[in-house]
Amino acid sequence: MTIRLRGHHLLCLLGYRGMGYSADFCVNMTGIYETLRTKPDTRIEIVTGVDDICRAYPPDQDNHCDGTVHELDQAVLTKLGLAPGYQGEWREVCGYVARQVEPSDIENLCVTCPWKSYGVCQEGVKLVREGLPLPKIEP
């Protein structure tokens, strides 16, 4: 199985703590998060645009998956030294984060993100940098 992820979702997954845009979104995101958390050898592919997380974005909300987040995707990929088309294991992506991202980088990388103020992404980066596991999310 390969999970398709856009650039900024590589960091969003580290900070995911069960909050989301809708119940369906959270079910999907929790499934992806728990798969990657418990099976770090899961293959991922970096894509441009809509990915496996975006597919559950609520249809009744203003969708940003094809719009404003492209710059954020590119900023995150540049910071990690990755590009669309990259294929590898989730553990390898976490290795890039551990080597190249500081928790404080979230402030600049994710400047427009409404979830930034919760501090969970900074916490996720810190955990990865320290080689600690991400917390389990109960479905």
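The coordinates are above.
Just so it is clear, the model here is predicted, and its values are computed rather than measured. (Residues numbered from 1 in each chain as written. Predicted model: local features only at pLDDT ≥ 70, side-chain atom pairs only at ≥ 80, totals over all residues. Heavy atoms only, no water.)

Q: For this particular structure, what's the right way to read the overall build of the protein?
A: Along its length, the protein carries six helices and three strands. Classification of the 139 residues of the protein by burial places 46% in the buried group. Surface exposure of the protein reaches about 7,100 Å², of which carbon and sulfur atoms provide 52%. (Helix = DSSP H or I, 4+ residues; strand = E, 2+ residues; numbered from the N terminus. Buried < 20%, exposed > 50% of the residue type's maximum accessible area, 1.4 Å probe, protein only. Areas by Shrake-Rupley, 256 points an atom, 1.4 Å probe, with all protein chains shown as cover.)

Q: Just to check I follow, could you spell out the side chain of H9 for this structure?
A: Along the chain, H9 falls in helix 1 (residues 9–15). Among the residues examined, H9 registers a relative accessible area of 8% and is labelled buried. For H9, the residues in contact, after removing those within four places along its chain, are D51, I53 and C54. (Contact = heavy atoms within 4.5 Å.)

Q: Would you mind going over the pairing of strand 1 (residues 2–5) with me for this structure?
A: Every regular strand shows the same layout, with side chains that alternate between the two sheet faces. Burial along strand 1 is one-sided: the face carrying I3 and L5 is buried and the face carrying T2 and R4 is not. The pairing of strand 1 with strand 2 (residues 43–46) spans four bridges and is parallel. Looking at the pairing, L5 lines up with I46 of strand 2. (Pairing = 2+ DSSP bridges.)

Q: Would you mind showing me how to read the pairing of strand 2 here?
A: Burial of the side chains of strand 2 is restricted to one face: I44 and I46 are buried, whereas none of R43 and E45 on the reverse face is. The pairing of strand 2 with strand 3 (residues 87–89) spans three bridges and is classified as antiparallel. Across the sheet, the residue bridging to E45 is Q87, located in strand 3.

Q: What am I meant to see in the packing of aromatic side chains here?
A: By the definition in use, this model includes three aromatic pairs. Seen from their ring centres, Y86 and Y96 are 6.2 Å apart, and the 90° between their planes marks the pair as edge-to-face. Of this pair, Y86 sits in the loop between helix 3 (70–80) and strand 3 while Y96 sits in helix 4 (residues 90–100), and the two are ten residues apart along the sequence. Using a relative accessible area of 22% as the deciding quantity, one classes Y96 as partly exposed. (Phe/Tyr/Trp six-rings, centres within 6.5 Å; stacked < 30°, edge-to-face > 60°.)

Q: Sorry, what's going on with the layout of surface pockets here?
A: Gaps left between atoms are located by rolling a probe of water-molecule size over the structure's atoms. Reported here for the second largest pocket is a volume of approximately 220 Å³. L36, R37, P40, W90, R91, C94, L127, V128, G131, L132, P133 and L134 together form the lining of the second largest pocket. Within the residue set of the lining of the second largest pocket, elements represented by two or more residues are helix 2 (23–38), helix 4 and helix 6 (120–129). Of all the elements, helix 4 adds the most residues to the lining of the second largest pocket, at three residues. Residue composition of the lining of the second largest pocket, grouped by class: nine nonpolar, one polar and two charged. (1 Å grid on protein atoms, 1.4 Å probe; cavity = no way out; pocket = protein on both sides within 12 Å on 5 of 7 lines; lining within 4 Å. Points joined across faces, edges and corners; volume = space filled by probe spheres on them. Nonpolar A, V, L, I, M, F, W, Y, C, P; charged D, E, K, R; others polar.)

Q: Can you walk me through the sheet that holds strand 1 in this structure?
A: What the three strands build is an open sheet, ordered 1-2-3; its pairing is mixed. Two strands close off the open sheet at either side, each with one partner strand: strand 1 and strand 3. Across this sheet, the average inter-strand angle for adjacent strands is 30°, counted without regard to direction. Running at roughly 90° to strand 3, helix 4 makes contact with strand 1, strand 2 and strand 3 of the sheet. (Axes fitted to C-alpha atoms, helices over the stretch in contact; angles between N-to-C directions.)

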